[in-house]
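Structural overview
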Amino acid sequence: IDGALSVARSMRGRNLARYLHTGTATICGAHPPHVVHENDYPHPDAHHLVPYTSSKAQAESELAKRYGDLPVVVARPSIVVGHTKLGCAPSGSIFWVLRAIEALRFLPWSSDNRVDVVPADWVAAALQHLLLAPELEHDRYHLSAGDSSSVRWRDIEAEMAAIRGGSTLGRWESGCIKSLSRQRVREAIPDAQPRYLMLALELYSRFCSLDLVFDNHRLLREGVAAPPRFTSYLRACLETSPGSIYDQMRLDFESSAAPAEVHVA
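Reference entry: report on the structure contained in this document. These figures come from a predicted structure and were not determined experimentally.

1. Brief notes about the overall build of the protein chain
Each helix and strand in the protein chain was counted, giving twelve helices and eleven strands. In summary, the protein chain has a C-alpha radius of gyration of 19 Å against a globular reference of 18 Å for 265 residues, a match within 12%. Expressed as lengths along the three principal axes of its C-alpha atoms, the size of the protein chain is roughly 60 × 35 × 35 Å. Relative to all contacts within the protein chain whose residues are 6 or more apart in sequence, the contacts with residues 24 or more apart total 83%. Accessible area of the protein chain: about 12800 Å², with a carbon and sulfur share of 50%. Distance between charge centroids for the protein chain: 3 Å, based on 28 positive and 30 negative side chains.

2. Focus on the packing of helix α6 (residues 153-164) against helix α10 (residues 230-239)
Here α6 crosses α10 at 45°, and the two axes come no closer than 10 Å. Judged by the angle between their axes, α6 and α10 are oblique. Relative to α10, α6 is oriented so that their crossing is right-handed. Seen from α6, the contacting residues are Asp155, Ile156, Glu159, Met160, Ala162, Ile163 and Arg164; seen from α10, they are Phe230, Thr231, Leu234, Arg235 and Leu238. Residue classes in the contact of α6 with α10 are distributed as seven nonpolar, one polar and four charged.

3. Some words on the sheet that holds strand β3 (residues 72-77)
The three strands lie next to each other as β1-β3-β8, forming an open sheet whose pairing is parallel. Looking at strand neighbours, the two that pair on one side only are β1 (19-22) and β8 (140-143), the edges of this open sheet. On average, adjacent strands in this sheet sit at an angle of 25° to one another, irrespective of strand direction. Relative to β3, β1 runs parallel, the two being bridged by four bridges. Bridge pairing in β3 links His21 to Val74. The sheet contacts of helix α4 (residues 120-132) involve β1, β3 and β8, and relative to β8 the element is tilted by about 160°.

4. Side note on the pattern of salt bridges
This model, assessed by the stated rule, comprises twelve salt bridges. The salt bridge involving Glu38 is made with Arg218; its shortest N-O contact spans 3.9 Å. Highlighted residues: Glu38 in the loop between β2 (35-36) and α2 (51-66) and Arg218 in helix α9 (residues 217-221), separated in sequence by 180 residues. Residue classification places Glu38 among the buried residues on the basis of a relative accessible area of 2%. One salt bridge connects Arg66 with Glu62, and the closest N-O pair in it is separated by 2.8 Å. Residue Arg66 and its partner Glu62 are both found in helix α2; the two are separated by four residues, about one turn of the helix. Bridged by salt links that share partners, the residues Glu102, Arg105 and Arg171 form one connected network.

The rules behind these values
Residues numbered from 1 in each chain as written. Predicted model: local features only at pLDDT ≥ 70, side-chain atom pairs only at ≥ 80, totals over all residues. Heavy atoms only, no water. Helix = DSSP H or I, 4+ residues; strand = E, 2+ residues; numbered from the N terminus. Rg over C-alpha atoms; globule rule 2.2 N^0.38 Å. Contact = heavy atoms within 4.5 Å. Areas by Shrake-Rupley, 256 points an atom, 1.4 Å probe, with all protein chains shown as cover. Lys, Arg positive; Asp, Glu negative; His and termini not counted. Charge placed at Lys NZ, Arg CZ, Asp CG, Glu CD. Axes fitted to C-alpha atoms, helices over the stretch in contact; angles between N-to-C directions. Parallel < 35°, antiparallel > 145°, perpendicular 65-115°, else oblique. Left-handed = near helix turned anticlockwise from the far one by under 90°. Nonpolar A, V, L, I, M, F, W, Y, C, P; charged D, E, K, R; others polar. Pairing = 2+ DSSP bridges. Salt bridge = Lys/Arg side-chain N within 4 Å of Asp/Glu carboxyl O. Buried < 20%, exposed > 50% of the residue type's maximum accessible area, 1.4 Å probe, protein only.

Structure below.
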């Protein structure tokens, strides 16, 4: 929060045409509608799933309250995973969740749930468009898959079967994450510390259990092309993730802070 406001403060007195602040679409909290629109949030009554999204919401609110004189446009990416051409070579962040599910053959939420995932290169292009467009109709935009490009977990399961071989029938067992045994984790992901990996999966299950998409019609009307579906570049992400699932997971959590961070969340 302080960092965002410090940057805004340093922009005062400059001849700015636009000030682009990047937040996150997941400021919607624990009980959002199935389709989230830009003006729905930030909302003071939102119950946040993790401190990260709470801080992002507070930063946006304080930015509007204290720096209304700046030409602020807020861009909110949804879940950014991989790159359409480079896969996970630049970063494997978050992709470890899918790799862990496939290794465990266990899905801790419904396969009918939608997930709003976008690639990093598309997000970068969309941010550039919002920064440089001569005119913009709105001051808040979701950089998201939206209804047309979001996928359901059963679509991901089918694509994994096409890549790895085998059938989707019975591929992923569904159930409560607490029913996973440490022995099962050890057998599927030998180098993992089961407790930490299960806590991390539980953290992400809070978001994946929401079954929602972030409306992106505002962005598309500005002329930004719709993002590719996650399943269209999933193979590239797999092919560039040859290492340990557990090591890839640790990219999302500093090793010294991961257990406490996940546990508190």
